[in-house]
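Take a look at the letters that make up each chain.
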Amino acid sequence: MILPLIWTLLSLTVADPHVDSLHPELDHSRTIYVVENGPRISLSTEQNRVVSRRGGNATLTCRIQTTTALSRKMRIKWTKLTSDFLKEEDVFVVMDHHKRSYGKFHGRVHLQNSSPLDASLVLSDITLDDYGRYKCEVIDGLEDATVVVSLDLEGVVFPYFPRLGRYNLNFYEAERACREQDAVVASFDQLYESWRGGLDWCNAGWLSDGSVQYPITTPREPCGGKNTVAGIRNYGRRDKEKNQYDVFCFTSFHKGRFYFLIHPSKLTYDEAVAACRKDGAQLAKVGQMFAAWKLLGYDRCDAGWLADGSVRYPISKPRHRCSPTEAAVRFHGYPDKKHKLYGAYCFKGSN
């Protein structure tokens, strides 16, 4: 006879000699549970880490392995893990014929369902916020199993501070500043990968977990000391409202065209805004320039206005008078917006 339980428990009642010796007047017993069979459900994934890009699709694999037939009441639940490990964000739930997607994932997720044992999640039109770790959980009766898959995005990390100057952003202002530049606050893993790729920046910035850190590839006196090792300097977690720093932003591929506007004369900031608008575009954001430079190899040796009032230019091929030593987005600061000294970088399209 096959029992419908996940495992069979044998209940044995025996006397406890320690208790009986102390209190012979008590008829004391305890119950011992013996597990006859191990778990009958487990999960596996083909890839612990999946890499995609903004606007793309991704499949987070989750395969069910079981020794017996699954019940009709089996539930498949996908959640997104947050930097606060006590919280999870609901993504998608399936039980029998009932399906539900949640919040920002609504209409963008479904199960692959290549077989009855396939609980893989397909995520479409990926956004910057989709980056992170996802948990697949299968619950059947009293038993459940989980597996975690990471979704990474191809992209670029860039340091940012506003027109007010350095160390002027609390955490929530930093989040807003990155959003305004077509980006999100970078994670530690994203900063670490950028440091491995050569990012060297001597000003501390917020990361998405609320910590403040900065990457150093060439140790020097103002940046932790010249006798220290290269690495990521960590200030630890800071008060998100009271403490002020710069921020490290992360952006990915965008849907649209980033370009330098060919114009017969140099422009003030307001003229640059108007010129892009006349061309059916908008003055480009800092994140759009970094994405075009890093991910598309955009190279232009002309300083131009961006939407935040800064002046920058992207160089992917170092040469004389145009970032001679390294590929970089060159920064000219936040000049007076009335100066008629620069061109304009425009962006046409939508994210």
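Predicted, not measured: the structure shown is a model, and the values here were computed from it.

Cut-offs applied
- Residues numbered from 1 in each chain as written.
- Predicted model: local features only at pLDDT ≥ 70, side-chain atom pairs only at ≥ 80, totals over all residues.
- Heavy atoms only, no water.
- Helix = DSSP H or I, 4+ residues; strand = E, 2+ residues; numbered from the N terminus.
- Buried < 20%, exposed > 50% of the residue type's maximum accessible area, 1.4 Å probe, protein only.
- Areas by Shrake-Rupley, 256 points an atom, 1.4 Å probe, with all protein chains shown as cover.
- Phe/Tyr/Trp six-rings, centres within 6.5 Å; stacked < 30°, edge-to-face > 60°.
- Lys NZ or Arg CZ within 6 Å of the ring centre and 35° of its normal.
- Disulfide = S-S within 2.5 Å.

Chemist: Which parts of the structure should I look at to understand the overall build of the chain?
Modeler: If you tally the helices and strands in the chain, you get five helices and 25 strands. Looking at the 351 residues of the chain, the share that counts as buried comes to 45%. For the chain, the exposed surface amounts to about 19200 Å²; the carbon and sulfur share of it is 51%.

Chemist: Looking at this structure, how should I read the packing of aromatic side chains?
Modeler: Remark: the centre distance and the inter-plane angle together describe each pair of aromatic rings, the angle taken between the planes. Counting across every chain of the model gives 19 aromatic pairs. A centroid spacing of 6.2 Å and a plane angle of 65 degrees characterise the contact between Phe 161 and Tyr 334, whose relative ring orientation is edge-to-face. One end of the pair, Phe 161, is in the loop between strand 14 (155-160) and helix 2 (171-180); the other, Tyr 334, is in the loop between strand 24 (328-331) and strand 25 (343-348), with 173 residues separating them in the sequence. Their ring planes at 65 degrees and their centres at 5.0 Å tell us that Phe 260 and Tyr 345 sit as a pair that is edge-to-face. Of this pair, Phe 260 sits in strand 20 (residues 257-260) while Tyr 345 sits in strand 25; the two residues are 85 residues apart in sequence, bridging distant segments of the chain. Accessibility assignment for this pair places Phe 260 and Tyr 345 in one class, buried. Ring pairs connect the aromatic residues Tyr 167, Phe 171, Tyr 172, Trp 206, Tyr 214, Tyr 235 and Tyr 245, which therefore count as one cluster. The ring centre of Phe 253 lies 3.7 Å from the NZ or CZ of Arg 53, which sits over that ring. In this structure, Lys 337 packs its charged tip against the face of Tyr 269, placed 4.2 Å from the ring centre.

Chemist: Whenever I open this one, the state of the cysteines confuses me. Can you help?
Modeler: Linking two cysteines covalently through their sulfur atoms gives a disulfide. Counted according to the given criterion, the structure contains five disulfides. What pairs with Cys 62 in a disulfide is Cys 136, and their sulfur atoms sit 2.1 Å apart. Taking the torsion about the S-S bond as the criterion, the Cys 62 to Cys 136 disulfide, at about -70 degrees, is left-handed. Note that Cys 62 is positioned in the loop between strand 5 (58-60) and strand 6 (63-66) and Cys 136 in strand 12 (residues 132-140), a separation of 74 residues in sequence. Of the two residues examined, Cys 62 and Cys 136, each falls in the buried class. Through a disulfide, Cys 202 is tied to Cys 223; the S-S separation comes to 1.7 Å. As the torsion about the S-S bond is roughly -120 degrees, the Cys 202-Cys 223 disulfide counts as left-handed. Of this pair, Cys 202 sits in the loop between helix 3 (188-196) and strand 16 (205-206) while Cys 223 sits in the loop between strand 17 (211-216) and strand 18 (231-237), placing them 21 residues apart in sequence. Its relative accessible area of 2% is what places Cys 223 among the buried residues. The cystine pairing of the chain, numbering bonded cysteines in sequence order, is 1-2, 3-6, 4-5, 7-10, 8-9.

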